[in-house]
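Chain and residue survey
Each chain, written out:
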Amino acid sequence: MLHQESKTTNLNSPEMKKDFYIQQLLRIGVYKYFGKQLYELSMSELQEVYIEYYVSNNDLIS
């Protein structure tokens, strides 16, 4: 039980959120943003890039 609780806590950690954004962007072929590698971006920059590519592209499809 303790293992599951710590795993849940880790899923909500900033590192896991950052990893999620990076993995999603890599999945669609975004490797760099303004000359920076994705892992070099701050969390807010990653969120902006994610929104730019996912939300903007989904609006075009809908």
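The preceding data block contains the structure.
None of these values were measured; they are calculated from a predicted model.

**Things to note about the side chain of Gln 24**
Assignment of secondary structure puts Gln 24 in helix H2 (residues 14–27). Of the polar contacts made by the side chain of Gln 24, one reaches the side chain of Arg 27; its length is 2.8 Å. Setting aside chain neighbours within four positions, we find Gln 24 in contact with Tyr 50 and Tyr 54.

**Details of the packing of aromatic side chains**
By the definition in use, this model includes five aromatic pairs. Pairing Phe 20 with Tyr 21 gives two aromatic rings, centres 5.6 Å apart and planes at 65°, and the pair type is edge-to-face. Looking at Phe 20, the relative accessible area reads 41%, which means it is partly exposed. Here the aromatic residues Phe 20, Tyr 21, Tyr 50 and Tyr 54 are joined through ring pairs into a cluster of three or more.

**Some details on the pattern of salt bridges**
One side chain can pair with another of opposite charge once the charged atoms of both are near each other. By the definition in use, this model includes one salt bridge. Between Glu 45 and Lys 36 there is a salt bridge whose closest N-O contact spans 3.8 Å. With a relative accessible area of 34%, Lys 36 lands in the partly exposed category.

**Some points on H2**
Taking 1.5 Å of rise per residue, 14 residues should cover 20 Å, and H2 covers 20 Å from first to last C-alpha, within 8% of that figure. Those residues of H2 not exposed but buried are Tyr 21, Ile 22, Gln 24 and Leu 25. The arc enclosing the buried residues of H2, seen along the axis, measures out at 165°, which places them on a common side. Set apart from the buried face of H2 by more than 90 degrees, the exposed residues are Glu 15 and Arg 27. Gly 29, located one to two residues past H2, shows a positive phi value of around 95°.

**Structural notes on the nonpolar core**
The biggest cluster of nonpolar side chains holds 11 residues, and these are Tyr 21, Ile 22, Leu 25, Val 30, Tyr 33, Leu 38, Leu 41, Leu 46, Val 49, Tyr 50 and Tyr 54. The set of elements that each furnish at least two residues to this core consists of H2 and helix H3 (43–61). Here this core gets four residues from one element, more than from any other, and that element is H3. Other than its neighbours up to four places away in sequence, Leu 25 contacts Val 30, Leu 38, Leu 46, Val 49, Tyr 50 and Tyr 53.

The rules behind these values
As a convention, each chain's residues are numbered from 1 in the sequence order in which they are written. Only residues with pLDDT of at least 70 get local features here, since the model is predicted, and only at 80 or more are side-chain atom pairs given and counted; chain-wide, interface and lining totals rely on the full set of residues. Remark: hydrogens and water are excluded; side-chain values derive from all non-hydrogen atoms of the structure. The secondary structure listing takes helices from DSSP runs of H or I that are at least 4 residues long and strands from runs of E that are at least 2 residues long, numbered from the N terminus. For the purposes of these results, a polar contact is taken to be a pair of N or O atoms within 3.5 Å, where, inside protein, one atom must be able to donate a hydrogen and its partner to accept one; residues adjacent in sequence count only when each atom of the pair is a side-chain atom. Here, residues are in contact when the closest pair of their heavy atoms is within 4.5 Å. By convention, a stacked pair of Phe, Tyr or Trp rings (six-membered ring in the case of Trp) has centres within 6.5 Å and planes under 30 degrees apart, an edge-to-face pair has planes over 60 apart, and any other such pair is tilted. Burial here depends on accessible area, computed with a 1.4 Å probe over protein chains only, as a share of the maximum for the residue type. Under 20% is buried, over 50% is exposed, and the range in between is partly exposed. What makes a salt bridge here is a side-chain nitrogen of Lys or Arg within 4 Å of a carboxyl oxygen of Asp or Glu, nothing more. Multiplying 1.5 Å by the helix residue count minus one yields the expected span of that helix. Here the arc refers to the directions that run from the helix axis out to each C-beta atom. Side-chain atoms within 4.5 Å link the members of a nonpolar core, which is a set of buried Ala, Val, Leu, Ile, Met, Phe, Trp, Tyr and Cys residues.

The values reported here are purely geometric and, on their own, carry no functional implication.
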